[in-house]
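For reference, the chains in residue letters:
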Amino acid sequence: MTLIRLRRGFTVIELMLVIGVIGVLAAIAIPQYQSYVVRAKVAEGFELAAPVMRGIAAYYDRWGALPAGNPAVGLPAPELLRGEWVSSITVQDGAVVVRFMPKVLPDKPADAALVLRPALNPEQPTASIVWVCGAGKPPTGFVVHGPQALPALPDSAVSGRCRA
């Protein structure tokens, strides 16, 4: 004699457990993904700023001083240096100020910017420029130049080497 068992499917408790696990995973994953997307958009600013920083270094090597603005480095107006997420790149007292489109950081001040400031060693004027991100601290013996009063991007929006 053969016993036949009927399959009944999942119980309500099993389904509730699966839905709960999916909810917890979504609650953790969605904010992490949003933070990742913002960092990816801000990374465009680092890429577009690289040639500008090389231009500033060349200007400093030639003239022994930091350029005051975009024309000194041979760059176009700030609003012409843009990308998909970057709205402008400005040279301000030797520093590179990268501003982003409002949709990149909708909950932050409109004037929040990525600021890459040059640090120089006064004891060795021919030494290389060290670039300091935001309000970061320079290496020992170096002096940072450029604007300091600009609102910085939040730590969650920048790469690890640029976090406070």
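Before reading further, recall that the structure is shown in the block above.
In short, a report on the structure. (Residues numbered from 1 in each chain as written. Predicted model: local features only at pLDDT ≥ 70, side-chain atom pairs only at ≥ 80, totals over all residues. Heavy atoms only, no water.)

A closer look at the overall build of the chain
Each helix and strand counted, the chain has 2 helices and 5 strands in total. Taken from the N to the C terminus, the helices and strands of the chain come in the order α-α-β-β-β-β-β. Taking 2.2 N^0.38 as the reference for a compact globule, 164 residues should give roughly 15 Å; the C-alpha atoms of the chain span a radius of gyration of 25 Å, well beyond that estimate. The proportion of buried residues among the 164 residues of the chain is 33%. Considering only contacts in the chain between residues 6 or more positions apart, those separated by 24 or more positions represent 50%. Counting every atom, the chain has about 11000 Å² of accessible surface; 61% of that belongs to carbon and sulfur. Taken as two groups, the 15 positive and 11 negative side-chain charges of the chain have centres that lie 11 Å from each other. (Helix = DSSP H or I, 4+ residues; strand = E, 2+ residues; numbered from the N terminus. Rg over C-alpha atoms; globule rule 2.2 N^0.38 Å. Buried < 20%, exposed > 50% of the residue type's maximum accessible area, 1.4 Å probe, protein only. Contact = heavy atoms within 4.5 Å. Areas by Shrake-Rupley, 256 points an atom, 1.4 Å probe, with all protein chains shown as cover. Lys, Arg positive; Asp, Glu negative; His and termini not counted. Charge placed at Lys NZ, Arg CZ, Asp CG, Glu CD.)

Describing the nonpolar core
V42, V96, V98, F100, L114, L116 and L153 are the most contacted members of the largest nonpolar core, which has 31 residues in total. Of all the elements, helix 1 (residues 12–63) adds the most residues to this core, at 8 residues. If we ignore the near neighbours within four places in the chain, the residues touching L153 are V42, F100, L105, A112, A113, L114 and V158. (Core = buried A, V, L, I, M, F, W, Y, C linked by side-chain atoms within 4.5 Å.)

Some details on a nonpolar patch on the surface
Where nonpolar side chains cluster on the molecular surface, the patch consists of L17, V21 and L25 and spans about 310 Å² of accessible area. Residue position: L25 is located in helix 1. (Patch = residues over 30% accessible without salt bridge, like charges linked within 9 Å, V, L, I, M, F, W, Y side chains within 5 Å. Salt bridge = Lys/Arg side-chain N within 4 Å of Asp/Glu carboxyl O.)

Focus: unusual backbone geometry
For D93, which is not glycine, the phi torsion reads 55 degrees and is therefore positive. Within the fold, D93 resides in the loop between strand 1 (86–92) and strand 2 (95–100). With a relative accessible area of 47%, D93 lands in the partly exposed category.

Some thoughts on the pairing of strand 1
Of all 7 residues making up strand 1, 5 are buried, and the element is well covered by its neighbours. Pairing of strand 1 with strand 2 involves 6 bridges; the strand directions are antiparallel. When the bridges of strand 2 are listed, V91 appears paired with V96. Hairpin connection, strand 1 to strand 2: the antiparallel pair is bridged by 2 residues, and D93 has positive phi, about 55 degrees. (Pairing = 2+ DSSP bridges.)

Side note on the environment of P78
Locating P78 in the fold gives a position in the loop between helix 2 (70–73) and strand 1. A residue is classified by how much of its surface remains accessible, and P78, at 22% relative accessible area, is partly exposed. Along the sequence, P78 and V98 sit 20 residues apart, while their C-alpha atoms lie 9.2 Å from each other. Discounting residues that sit within four places of it in the chain, P78 has contacts with N70, S87, S88, I89 and T90.

Looking at the packing of aromatic side chains
Enumeration according to the criterion identifies 1 aromatic pair in this entry. Ring centres 6.4 Å apart and planes at 45 degrees place the aromatic pair Y59 and W63 in the tilted group. Note that Y59 and W63 are positioned in helix 1 at a spacing of 4 residues, about one turn of the helix. Accessibility expressed as a relative area gives 53% for W63, which makes it exposed. (Phe/Tyr/Trp six-rings, centres within 6.5 Å; stacked < 30°, edge-to-face > 60°.)

Some remarks on the environment of V132
With respect to the element layout, V132 can be found in strand 4 (residues 130–133). Under the relative-accessibility criterion, V132 is labelled buried at 4%. In the structure, V132 is positioned 42 residues away from T90 in sequence and 16 Å away in space, judged by C-alpha atoms. Not counting chain neighbours up to four residues away, the residues in contact with V132 comprise V115, L116, R117, A119, K137, P138 and V144.

Geometric values such as these leave the question of function open.
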